[in-house]
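Architecture and fold: a report
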Amino acid sequence: MIALALPAQDSGTFTPPGIDQMHLPAILPWGASDGFSKQMLLVILSVVLIATFFIAAARKQQLVPGKLQFAGEMAYGFVRNSIAKDIIGGRDFMKYVPLLFTLFFFILVNNIYGAIPVIQLPSFSHVGGAYVLAAVVYVTWIGIGIKKNGLKYFKLATVPSGVPWFILPIVVPIEIISNFLVRPVTHSLRLFATMMAGHLIVMIAGSGIEFLVSQENVLLKGASVLVLVGAIAMYMLEALIMVLQAYVFTLLTAIYIEGALHADSH
Amino acid sequence: MNQQIISAAAQGAAESANPLLPNPWEMGVVLAGFAVLFYIVVKFVVPMFEKTFAERAEAIEGGIAKAEKAQAEASAALEEYKQQLHDARAEANRIREEARAEGAQILAELKTKAAAESARITEQAHAQIESERQAAVVSLRSEVGTLATTLAERIVGESLSDDERAARVVDRFLADLETQSAGAAK
């Protein structure tokens, strides 16, 4: 709302909304700069929505599913088979299905918020949530690696086999940095950045349209239509990216887990 | 006014200019929300879906197994029937062959028996005819004598002068003889 209020003046200058407008005032206490925010409410709402939907879908357990059960099974089967089974493999993928399933739908719903009018706020446009999820995944796959291979896992993960010894001094630091330092950062920032950028684009388009419409020049007023068309196209793209990022985050999680499970064969 | 807003934004920027710095409360909410959802998924959603999947797989595989069993049974029965039919045919053939052989044997036996019988009958007839002839010859021999003497007595007794009378006597004698032989025939 701040974003839309910003360029209300019909002077010649347009001040685009920036990073600072990403933070709405709190809901509780209303309007405070700090407190219970819309983001938090949406996160809690997503948990309720996902849990309600899937419990309702899975509850009947009919052999010939109804519409709701079928939809739930499709969604569950997608994560179970297309992500967990395909990436981690046939024998021990079932153990990781709950994590991947929860990650996918938690991120998906929280991203899709950004495409729903009025809500219009992807929860992960704030970096905190993305850090938390990436940290959970980071701890998980390292834990799996250690449990599976013992402390030797760190050697397996950083010293690639079949590399000549004189290259190892270069390769090992690269592996350490890429696997243990950069990986969680990219994992979280990829989600956060795409969501924030998408949200920012929507804000900029909205304020830009408002700015143009409030101009006295008819041509400038008309130009707002172009911005609107562009904004709708971006909106479609963002909707795609929201789904895609949920998929990418989950897929990468599966790949990391698979890598930790089969570190000895990589 | 623009200036004011910009300065307000600048003030805000002092607190949260770096978008990479997280709000710890938000992190807490996300972590708690994720944990709750993960618990629900582990406890309810995944087991329920997996149970349904397993039941469905079992139902389908059970159906397939049942169908395969029925198929196997049917083909076994068919095989059995074929075998039985084959056996029955062989049995029928064997019986027919036996019957034919037996028939032929019986026929041959009957033929020889009949031939023997007919030969025996013929023999018997010949023997009978012969014996009867012998008997006839014997009786004729004895009778012809008596007849001749009886005739001679009559002729002599009747005075042989009258030819006519003599002829009558002969005729009467012959007639007597005929009635005698007719009575004997009866």
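Conventions adopted
- Residues numbered from 1 in each chain as written.
- Chains lettered and ligands numbered in written order.
- Predicted model: local features only at pLDDT ≥ 70, side-chain atom pairs only at ≥ 80, totals over all residues.
- Helix = DSSP H or I, 4+ residues; strand = E, 2+ residues; numbered from the N terminus.
- Buried ≥ 20, exposed ≤ 12 C-beta atoms within 10 Å, placed from the backbone.
- Contact = placed C-beta atoms within 7 Å.
- Core = buried A, V, L, I, M, F, W, Y, C linked by C-beta atoms within 7 Å.
- Axes fitted to C-alpha atoms, helices over the stretch in contact; angles between N-to-C directions.
- Left-handed = near helix turned anticlockwise from the far one by under 90°.
- Nonpolar A, V, L, I, M, F, W, Y, C, P; charged D, E, K, R; others polar.
- pLDDT = per-residue confidence, 0-100.
- Expected span 1.5 Å × (residues − 1).
- Arc of directions from axis to C-beta.

So, about the overall build of chain A. Secondary structure summary: chain A contains eight helices and zero strands in total. Reading the helices (α) and strands (β) of chain A from amino to carboxyl end gives α-α-α-α-α-α-α-α. Counting every position in chain A, which comprises 266 residues, the buried fraction comes to 37%. Across chain A, contacts joining residues at least 24 apart in sequence account for 62% of those joining residues at least 6 apart.

The next subject is the overall build of chain B. Summing up its helical and strand segments, chain B has three helices and zero strands in all. Counted from the first residue to the last, chain B has its helices and strands arranged as α-α-α. The buried share among the 186 residues of chain B stands at 6%.

Another point: the nonpolar core. All names here are of chain A. A84, L100, F101, F104, I107 and I257 are the most contacted members of the largest nonpolar core, which totals 66 residues. Ranked by residue count, the leading element in this core is helix 4 (residues 97–112), at 11 residues. When neighbours within four sequence positions are excluded, A84 is seen to be in contact with V79, F93, Y96, V97, L100 and A254.

Turning next to the interface of chain B and chain A. Facing the 36 residues of chain B at the interface are 40 residues of chain A. For the side of chain B that touches chain A, the secondary structure elements donating two or more residues are helix 1 (2–16) and helix 2 (24–157) of chain B. At 23 residues, helix 2 of chain B tops the list of elements feeding residues into the side of chain B that touches chain A.

On to the environment of A:F93, then. Residues and elements named next belong to chain A. Considering the arrangement of structural elements, one finds F93 in the loop between helix 3 (67–88) and helix 4. F93 gets classed as buried once you count the C-beta atoms within 10 Å, which come to 21. Taking the C-alpha atoms as reference, F93 lies 9.6 Å from I257; in sequence the two are 164 residues apart. Setting aside residues no more than four positions away along its own chain, F93 makes contact with A84, K85 and I88.

Residues and elements named next belong to chain A. Packing of helix 2 (residues 38–59) against helix 3 leaves a shortest axis separation of 8 Å and a crossing angle of 115 degrees. Read as a crossing pair, helix 2 and helix 3 show a hand that is left-handed. For the pair helix 2 and helix 3, the contacting residues are F53, F54, A56, A57 and A58 in the first and L68, Q69, A71 and G72 in the second. Residues of the contact of helix 2 with helix 3, tallied by class, amount to seven nonpolar, two polar and no charged.

The subject of this paragraph is the environment of A:A115. Residue and element names in this part refer to chain A. Here A115 lies in the loop between helix 4 and helix 5 (127–149). C-alpha of A115 to C-alpha of E238: the two residues are 123 residues apart in sequence and 7.5 Å apart in space. Excluding anything up to four places from it in sequence, A115 contacts Y235, E238, A239 and M242.

On to unusual backbone geometry. Residue and element names in this part refer to chain A. With a phi close to 75 degrees, V118 is a non-glycine residue in the positive phi region. Here Q120, not a glycine, exhibits a phi torsion of approximately 45 degrees, which is positive. Tracing the chain through its elements places Q120 in the loop between helix 4 and helix 5. The exposure class of Q120 is partly exposed, given the 15 C-beta atoms found within 10 Å.

Residue and element names in this part refer to chain A. Here helix 5 crosses helix 7 (residues 168–213) at 145 degrees, and the two axes come no closer than 8 Å. Considering only the axes of helix 5 and helix 7, their crossing is right-handed. Taking contact as the criterion, the partners of V127, A130, Y131, L133, A134, A135, V137 and Y138 in helix 5 are, on helix 7, P184, H187, S188, L191 and F192. In terms of residue class, the contact of helix 5 with helix 7 is made up of 11 nonpolar, two polar and no charged.

Residue and element names in this part refer to chain A. Summing up the model confidence of chain A, the mean pLDDT is 87 and the portion of residues at 70 or higher is 95%. Mean pLDDT in chain A bottoms out at helix 1 (residues 2–5), which sits at 44, and peaks at helix 4, which reaches 95. In the model, residues 1–10 has pLDDT below 50 throughout and makes 24 contacts with residues more than four positions away in sequence or in other chains.

Here we come to the confidence of the model for chain B. Should the pLDDT be low somewhere, the predicted coordinates at that spot are not to be read in detail. Residues and elements named next belong to chain B. Looking at chain B, pLDDT values average 83 and 86% of them are 70 or higher. Of all the helices and strands in chain B, helix 1 carries the lowest mean pLDDT, 46, while helix 2 carries the highest, 90. Scored below 50 in pLDDT, residues 1–16 shows 11 contacts in the model against residues more than four places distant or in partner chains. Reported for the predicted complex are a pTM of 0.69 and an ipTM of 0.87.

Residue and element names in this part refer to chain A. When the terminal C-alpha atoms of helix 2 are compared, their 31 Å separation across 22 residues agrees well with the 32 Å that a helix rising 1.5 Å per residue should span. Three or more residues of helix 2 are buried, namely Q39, M40, L42, V43, S46, V47, I50, F54, A57 and A58. Looking straight down helix 2, one finds that the buried residues subtend no more than 165 degrees of arc, so they occupy a single side. Turned more than 90 degrees off the buried face of helix 2, the exposed positions are V48, T52 and A56.

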